[in-house]
Amino acid sequence: MNFKKDNNTTRLENVAIVGNGGRENALAWAIQKNESIKNIYLIPGNGGSNLINKCKTISLNYADTETFIKKLSELDIDLVIIGPEIPLEMGLGNELRKANFLVFGPDKDGARLESSKSWAKSFMKDANIPTANFWKATTIEESIKIINASAKPLVVKADGLASGKGVFIPETKNETIFISKEILEGKFGKAGKTVVLEEKISGPEISVFALCDGERYVLLPTAQDHKRIGEGDKGLNTGGMGAYSPTPLISETELQEICEIIVEPTIKELIKRKINYRGVLYFGLMITTSGPKVIEYNCRFGDPECQTIMPLMDKDFVNLLYKCAMGLLKGDEKLSTDKQCSGCVIASSKGYPLDFQIGYPIQLQNTKTNDIQVFHSGTSTNEFGNLITNGGRVLSVVAQGNSFDEVFDKAYSALNEISFEGIFYRKDIGHQVRNIKKENKI
Ligand code: AMP
Ligand code: GLY
């Protein structure tokens, strides 16, 4: 292993973070708080990464593993954090571990929890983890048989990674058949070779994150995402338009139950399958009238949940990631924070999640204070070094406070100071936990 020893204690100085979104910038921002950290390299990062203390961007392609590993060795990297699902699915974790790097992020085998919905469903079934009933089909004939045998319309999912666009909730059987056919005929390429047909369940959705070292885990504060583009949770699904943390939708006792019936059985099943999962396990849960059920697993931090939760972490957060990477978590580590609540609103480009334009200049006032952060999501700089839009989700505006009303008042005031052509953001993020004033009611 290549970690440094200093008076017999492990020294963690140089960290590399793979990814280019708000999630990776928020991780970098939380990690730089630790005084032992000297350098954080965001690979490739975005227009905001170099503005974070101790951070530098590096333009490198992880698919060229030889060059990638050579560069990380030159930089004397002590810990690599892999942010997005695609490099995890491709096995970047395996390659880096083979080269003796300490990595936070599962190998290819663990990433299957996210990269194959049918695999994840069978995994849950084997481990008796509560989830919606499901069927798999690889031909349209099989699909039609399943759909016709079901009394109610089913949810249709492409098996593989589809950037959050592979889930459909049709109203009628004909629509269900039509969508299955489109997926199986190649709408999502290889990701749609199999479709998963699922019983439709209902209830509020929450996100639970467990930092895992292969055997033990530490929970992060819970969060609630806002997946729909429109106010009142209407319209198309997006990567997430805002979040808040922690969510009061579940009590401490219910969270304990979630650990017992979902988190721990998941880790046990991973161990049973000889999968040494060192990274974050993200449980997308629906709280139904018959208890919590897993809607999906992800093998990475949620975005924008990560931007929301990171400001609640103290400077020791990076040590937890490091312990996970080493397999040395105790499991009883306490996360301490002096702020109770955090909330995040995403400023997006007009047209997102469908077609949108990029390249518009961004005007940002200096709205940052100790309890307001503006993390860059889809930004870059032009040839003059000016900040421009470069994605559907452009900025993540995050605030903390002692109540959610205070949090969102601060976040929306900060957003008032930000502008770019076509800026769009939901005005009702956190509606579940705010006393939205009458005049603002949507
Ligand atoms: P996923 O990408 O699997 O998280 O699905 C995207 C969204 O589709 C979820 O956040 C849910 O709102 C919805 N969804 C997924 N599966 C189901 C299901 N079985 N029943 C009802 N809604 C679902
Ligand atoms: N916020 C949902 C996700 O990251 O998948």
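Worth saying up front: this structure is predicted, and the values here are computed from it rather than measured.

We now examine the site of ligand 1. Taken together, 15 residues sit near ligand 1, with Lys157, Glu198, Glu199, Glu205 and Glu296 positioned nearest. With respect to ligand 1, the backbone of Glu199 contributes an N or O atom lying 2.9 Å from a nitrogen atom. The contact in question runs from a nitrogen atom of ligand 1 to an N or O atom on the backbone of Ile201, over 3.0 Å. Partitioned by chemical class, the residues of the shell around ligand 1 number seven nonpolar, no polar and eight charged.

Here we take up the packing of helix α7 (residues 140–149) against helix α8 (residues 173–187). The relative placement of two packed helices is expressed as an angle between their axes plus a distance between the axes. In contact at an axis separation of 10 Å, α7 and α8 are set at 155 degrees when each is read in the N-to-C sense. By the angle between their directions, the pair α7 and α8 is classed as roughly antiparallel. As for the relative orientation of α7 and α8, their crossing is right-handed in sense. From α7, Ile140, Ser143, Ile144, Ile147 and Asn148 reach across to α8, where they touch Lys173, Thr176, Ile177, Ser180, Lys181 and Leu184. The residue makeup of the contact of α7 with α8, split by class, is five nonpolar, four polar and two charged.

Around ligand 2, the surrounding shell consists of Asp225, Gly239, Tyr282, Asn298, Arg300, Gly302, Asp303, Pro304 and Glu305. Contact between ligand 2 and Asp225: a nitrogen atom at 2.7 Å from a side-chain N or O atom of the residue. Arg300 has a polar side-chain atom sitting 2.9 Å from an oxygen atom of ligand 2. If ligand 2 stood free it would expose 200 Å²; the protein chains cover 89% of that surface. Taken together, the residues that form the shell around ligand 2 break down as two nonpolar, three polar and four charged.

Across the two faces of strand β17 (residues 242–245) the burial is the same, with Gly242 and Tyr244 and Ala243 and Ser245 all buried. Bridge count between strand β14 (residues 224–225) and β17: two bridges; the pairing is antiparallel. What sits directly across from Gln224, in β17, is Tyr244. Bridge count between β17 and strand β20 (residues 341–348): four bridges; the pairing is antiparallel. Counted as the bridge partner of Gly242 is Val345 from β20.

Criteria and cut-off values
Residues numbered from 1 in each chain as written. Chains lettered and ligands numbered in written order. Predicted model: local features only at pLDDT ≥ 70, side-chain atom pairs only at ≥ 80, totals over all residues. Heavy atoms only, no water. Near = heavy atom within 4 Å. Polar contact = N/O pair within 3.5 Å; in protein donor to acceptor, adjacent residues only side chain to side chain. Nonpolar A, V, L, I, M, F, W, Y, C, P; charged D, E, K, R; others polar. Axes fitted to C-alpha atoms, helices over the stretch in contact; angles between N-to-C directions. Helix = DSSP H or I, 4+ residues; strand = E, 2+ residues; numbered from the N terminus. Parallel < 35°, antiparallel > 145°, perpendicular 65-115°, else oblique. Left-handed = near helix turned anticlockwise from the far one by under 90°. Contact = heavy atoms within 4.5 Å. Areas by Shrake-Rupley, 256 points an atom, 1.4 Å probe, with all protein chains shown as cover. Buried < 20%, exposed > 50% of the residue type's maximum accessible area, 1.4 Å probe, protein only. Pairing = 2+ DSSP bridges.

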